[in-house]
Structures are given as structure tokens and as C-alpha cells.
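# Examining the three-dimensional arrangement
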Amino acid sequence: MNLGAISLLGWAFVVFITLVVPWAVLRNRESALDMADIPLAVRFYAMLVPQIVLALLAIATGMVEGVELFPARLPSPTAWLAGTVFLAVSLILVRPHWLQSVDEEEPTWRLFAPTNRRERTMWVALSLSAGFGEELVWRGVLPALIAAVSGSVVAGITLSVLSFALAHAIQGFRSVLAIAAIAAAFHALVFVSGSLYVAMVVHFVYDVVAGFTYARFARERGLLR
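Just so you know, these numbers come straight off a predicted model, no measurement behind them.

### Looking at the nonpolar core
- Within the largest apolar cluster, 65 residues are counted, with the highest numbers of intra-cluster contacts made by Phe13, Ile17, Trp98 and Trp138.
- When contributions to this core are tallied by element, the ones reaching two or more residues are α1 (8-27), α2 (29-33), α3 (40-65), α4 (77-103), α5 (117-150), α6 (153-167), α7 (173-193) and α8 (197-220).
- The element that contributes the greatest number of residues to this core is α5, accounting for 11 residues.

Rendered as C-alpha cells:
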């Protein structure tokens, strides 16, 4: 292990993303779920600002550590095809879980279901920030830094997957394993496509579809107007 392979900023980033963020999510999960009763339009900035901060932190750390986040070469048609297939398969596999969440009236789905045109616009903005920022953090900078320190790409991916899954534990502990599997698949997509670009687009579209689908299921069951 080469502890000096990254700077103090790099270490601060690793500690913050792998320990502080998951700890904060787990510690505040119940209070965060209480936000489900607050309209999305009211809590919009409380959800958007952390995503923007994480993205900026990842970009700054990547620049200092020399992690290439925005290569000039664009993804190939094959890479976009792989992303499309990945997106389609993911939506098919996760759709029953979304339906079950609404049927069981779990509070988590209310966090992600826009109820009107204004909230749908806000949800698209949140999805864009998550698709951009979370890929920079968990598929871009974090695995590169851990791999530099440990000398193992596998270790970098494994710890990034674990951190990403725990950072989304608000969605329910039953979902953590599914989120970990999706995260691992995103790493594979980044490897196949050669950059973060395809993963960012897929992540964005996935989140948009998730929110709109939750809302549609809820309306069909009379839980939303």
C-alpha cells in the first residue's frame, strides 16, 4: 500500500466519501424519511445542493490528483449500445421493486415521486445533478484514488460500490444489495465505454424514469392525485 500516492486532499476525499457520507446517511435515515411528507418543491434545494457540492468536490480533487474525468474522445456507438442495453435491463429488473414499494406504502417512494408539472421539472434537474455528480464521485475519482493507494483496481471498485450502496441506504436496507449490484454494473459500463459519459447519461435517464414511474404507480392506486 502506497499511502503517499495521493495528497492530503485526496485522502480527505476518500475518508469523506467512504466513511462520513455513509455514516451521515445511516445516522439521519429516519429524519430524512420524514421529508417524504414535504412536497418536492419545498425540499428541492435541500436535495440539489449536496449533489452540486459533491460534484464540485470531485472535480477539484480529480484536478489535483490528475484523475482524467472528461476525456476529449467521445464514446463509440458500441459504448452507447451497451449503455442502452444496460438501462433497459436495469429498468425491467427494478420495476417490480418500485411497484412493491408503492403497494406496501413504504415512505421512501414519496421522496422520489413528482406530483405535478413543476415537480417533474425539478425531478429532472435532480436526476441530472445525480447522474453527473454521483458518477464523478463513485465511478470517477473515488475508485481511482483507492486504486492508487492500494495498488488494486478491484479494491477501488469494491470500496466504491460499498460506499455508494450505503450512501443510498435511505431507500431501505432491502435495497442496499440491489443498489450495490447496479453500482458494480455501472463500473463495468465505465470500463466498456472508456469514460464516464455513457454512465452519466444512463444514470440520469434511470433516475428520471424511477421518479415518474413511482408517481404513476401511486396515482393508479389513488395515493397521489
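### Overview of the packing of α5 against α7
- The N-to-C vectors of α5 and α7 enclose an angle of 65°; their axes lie 11 Å apart at closest approach. When the axis of α5 is compared with that of α7, the two are roughly perpendicular. Once α5 is placed against α7, the crossing between them reads as right-handed. In this structure, α5 uses Glu135, Trp138, Arg139 and Pro143 to contact α7, whose residues at the interface are Ala183, Phe186, His187 and Val190.
- A breakdown of the residues in the contact of α5 with α7 according to their chemical character gives 5 nonpolar, 1 polar and 2 charged.

### Thoughts on α1
- With 20 residues, α1 extends 26 Å between its outermost C-alpha atoms, agreeing within 8% with the 28 Å of an ideal straight helix rising 1.5 Å per residue.
- Remark: the principal bend of α1, roughly 40°, maps to Phe16.
- Residues of α1 that are buried include every one of Gly10, Phe13, Val14, Ile17, Val21, Pro22 and Val25, and no others.
- If you follow the buried residues of α1, they end up packed against α2, α3, α5 and α6.

### Thoughts on the packing of α5 against α8
- Contact geometry of α5 with α8 gives a least axis separation of 8 Å together with a crossing angle of 140°. In the crossing of α5 with α8, the sense of the turn from one axis to the other is right-handed. When α5 is examined against α8, the residues Arg120, Trp123, Val124, Ser127, Leu128, Ala130, Gly131, Phe132, Glu134, Glu135, Leu136 and Arg139 are found in contact with a partner set consisting of Ala199, Met200, His203, Phe204, Asp207, Val208, Gly211 and Phe212.
- Here the residues of the contact of α5 with α8 are counted per class, giving 11 nonpolar, 4 polar and 5 charged.

### Structural notes on a nonpolar patch on the surface
- Taken together, the side chains of Val15, Phe16, Leu19, Val20 and Trp23 make up a nonpolar region of the molecular surface, amounting to roughly 460 Å² of accessible area.
- Judged by its relative accessible area of 33%, Phe16 falls in the partly exposed class.

### What about the side chain of Glu134?
- Tracing the backbone shows Glu134 in helix α5.
- In this structure Glu134 is buried but unpaired, with Arg139 as the nearest side chain of opposite charge at 5.4 Å.

### Regarding the pattern of salt bridges
- With the rule as written, the count across this model stands at 5 salt bridges.
- Between Arg221 and Asp103 there is a salt bridge, with the nearest N and O atoms lying 2.4 Å from each other. Remark: Asp103 occurs in helix α4 and Arg221 occurs in the segment after α8; sequence separation between them is 118 residues.
- Asp103 sits in the partly exposed class, given a relative accessible area of 43%.
- Its salt-bridge partner being Glu220, residue Arg221 comes within 3.4 Å of it at the nearest N-O pair.
- One salt-bridge network, held together by shared partners, links Asp103, Arg216, Glu220 and Arg221.

### Focus on the side chain of Ser193
- With respect to the helices and strands, Ser193 occurs in helix α7.
- Overall, the relative accessible area of 12% leaves Ser193 in the buried class.
- There is a polar contact of 2.8 Å between the side chain of Ser193 and the backbone oxygen of Leu189.
- Look past the residues within four positions of Ser193 in its chain and what remains in contact with it is Ala79 and Val198.

Definitions and cut-offs
- Residues numbered from 1 in each chain as written.
- Predicted model: local features only at pLDDT ≥ 70, side-chain atom pairs only at ≥ 80, totals over all residues.
- Heavy atoms only, no water.
- Core = buried A, V, L, I, M, F, W, Y, C linked by side-chain atoms within 4.5 Å.
- Buried < 20%, exposed > 50% of the residue type's maximum accessible area, 1.4 Å probe, protein only.
- Helix = DSSP H or I, 4+ residues; strand = E, 2+ residues; numbered from the N terminus.
- Axes fitted to C-alpha atoms, helices over the stretch in contact; angles between N-to-C directions.
- Parallel < 35°, antiparallel > 145°, perpendicular 65-115°, else oblique.
- Left-handed = near helix turned anticlockwise from the far one by under 90°.
- Contact = heavy atoms within 4.5 Å.
- Nonpolar A, V, L, I, M, F, W, Y, C, P; charged D, E, K, R; others polar.
- Expected span 1.5 Å × (residues − 1).
- Bend = angle between axes of the 7 residues up to and from the residue.
- Patch = residues over 30% accessible without salt bridge, like charges linked within 9 Å, V, L, I, M, F, W, Y side chains within 5 Å.
- Areas by Shrake-Rupley, 256 points an atom, 1.4 Å probe, with all protein chains shown as cover.
- Salt bridge = Lys/Arg side-chain N within 4 Å of Asp/Glu carboxyl O.
- Lys, Arg positive; Asp, Glu negative; His and termini not counted.
- Polar contact = N/O pair within 3.5 Å; in protein donor to acceptor, adjacent residues only side chain to side chain.

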